[in-house]
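Overview (structure and organization)
What follows is each chain in one-letter form.
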Amino acid sequence: MRNDPFSLHGLTALVTGGNGGLGLGMAQGMKRAGARVAITGRNPQKNAEAAKAEFPPDAIYQMDVYDESSVERTIADVVAKFGGLNILVNNAGAGKRSSITELPLEEWEGIVHINLTGAFLCSKYAVRAMKATGRGGRIINIGSLYSLAGVPNAISYGATKHGILGLTRALAVELGPHNIQVNAILPGYCETAMTEVLKGTPLFDWVRRKTPAGRWGSPEDMAGAAVFFASPASGFVTGAALTVDGGYSITDRPVYE
């Protein structure tokens, strides 16, 4: 272990969906820890905005995680540009609310493609790059509180986030002999552009009152967990799932009035 067990100096990380929200928060954290960071995103405008972040990524790619050729090209370019790939964060994800009786097949498949198949494809090509160097690597999959519990009227989201845990554990077992650790982060309710519409609603206040930390999370709250799983500090940790939710999931009732 290095003098600073949390240092990422000399390492290269790729964060999918890293152009905003939790992905950008984690990318910023790894950049501050010394890593070379590349991010991907489908939205050109958000990609351009991410380039103006306080700790801007070293490379930004427009990539669809479900497009296998795009994934293969992007990872090959990261390897060529930085001399290898040490860390993959499978963060890209999506979710839509619908009851099972009203959920169209194409919407179900779309969420599965992004949340689960996308993580599989990115891992496939990242692992090839990691194996090629013989130095191992880290894969960090982003699940959810709903990787552990059911969620009403969001069956595709809940099912795929449960799938992320299965993918994490299966990869951890398969890749351990290659010195590749695979772990998952399970974020709680966080304030992002996607959840902005909930501010001022009863749900927003319910989440705050039920969370022992007394607030919603932020993208920056995910940075520490990401750096831990990416760094030498977690060298003997694999197949684990770390819940980062301010305690929301361990309470059965509101803590605050």
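In short, a report on the structure. Just so it is clear, the structure is predicted and the values come from calculations on it, not from any experiment.

Notes on the overall build of the protein chain
- When helices and strands are tallied, the protein chain shows seven helices and seven strands.
- Going residue by residue from the N terminus, the α and β elements of the protein chain occur as β-α-β-α-β-α-β-α-β-α-β-α-α-β.
- For the protein chain, the C-alpha atoms occupy an extent of roughly 50 × 45 × 40 Å along the three principal directions.
- Here the protein chain holds 257 residues, and 49% of them are scored as buried.
- Of all intrachain contacts in the protein chain linking residues separated by at least 6 positions in sequence, the fraction that spans at least 24 positions is 71%.
- Computed over 24 positive and 22 negative side-chain charges, the inter-centroid distance for the protein chain is 5 Å.

What to know about the packing of aromatic side chains
- Taken as a whole, this structure holds five aromatic pairs when the rule is applied.
- Here Phe 6 and Phe 228 contribute two aromatic rings whose centre-to-centre distance is 6.5 Å and whose plane-to-plane angle is 40 degrees, an arrangement assigned as tilted. Of this pair, Phe 6 sits in the segment before strand E1 (12-15) while Phe 228 is found in helix H7 (residues 223-230), placing the two residues 222 residues apart along the sequence.
- Take Phe 6: its relative accessible area is 40%, and that puts it in the partly exposed class.
- Of the residues examined, Phe 228 reaches a relative accessible area of 25% and is grouped as partly exposed.
- Among the aromatic side chains, those forming a connected cluster through ring pairs are Tyr 189, Phe 204, Trp 216 and Tyr 248.

Brief notes about the pattern of salt bridges
- Within this structure, the stated rule accounts for seven salt bridges.
- A salt bridge links Asp 252 to Arg 253, with the shortest nitrogen-to-oxygen separation between them at 2.8 Å. Here Asp 252 matches Arg 253 in class, with each residue exposed.
- Sharing partners across several salt bridges, the network here consists of Asp 205, Arg 208 and Arg 209.

Brief notes about unusual backbone geometry
- In this structure, Asn 153 is a non-glycine residue whose phi angle is positive, near 60 degrees.
- In this fold, Asn 153 is placed in the loop between strand E5 (137-142) and helix H5 (155-175).
- One non-glycine residue, Asn 179, adopts positive backbone phi at about 60 degrees.
- Checked against the element boundaries, Asn 179 lands in the loop between H5 and strand E6 (180-187).
- Classification of Asn 179 as partly exposed rests on a relative accessible area of 43%.

What to know about the environment of Val 227
- Looking at the secondary structure, you find Val 227 in helix H7.
- We classify Val 227 as buried; its relative accessible area is 11%.
- Along the backbone, Val 227 and Ser 7 are 220 residues apart, and their C-alpha atoms lie at a distance of 8.2 Å.
- Val 227 has contacts with Phe 6, Leu 8, Gly 29, Met 30 and Ala 33, leaving out every residue within four places of it along the chain.

Cut-offs applied
- Each chain carries its own residue numbering, running from 1 in the written order of its sequence.
- Where totals are concerned, whole chains, interfaces and linings use all residues; where local detail is concerned, this predicted model gives features only for residues with pLDDT of at least 70, and gives and counts side-chain atom pairs only at 80 or more.
- Hydrogens are left out, water is left out, and the side-chain values use all remaining heavy atoms of the structure.
- The helix count covers DSSP runs of H or I at least four residues long, the strand count covers runs of E at least two residues long, and both are numbered beginning at the N terminus.
- When a residue's accessible area, from a 1.4 Å probe over protein chains only, is under 20% of the maximum for its type it is buried; when over 50% it is exposed; and in between it is partly exposed.
- Contacts between residues were defined by any pair of non-hydrogen atoms, one from each residue, lying within 4.5 Å.
- Charge counting treats Lys and Arg as positive and Asp and Glu as negative, with His and both chain ends excluded.
- By convention, the point assigned to a charge is CZ for Arg, NZ for Lys, CD for Glu and CG for Asp.
- Centres within 6.5 Å are what make two rings of Phe, Tyr or Trp a pair, Trp counting through its six-membered ring; a difference in plane orientation under 30 degrees is then read as stacked, over 60 as edge-to-face, and the rest as tilted.
- One side-chain nitrogen of Lys or Arg within 4 Å of one carboxyl oxygen of Asp or Glu is enough to make a salt bridge.

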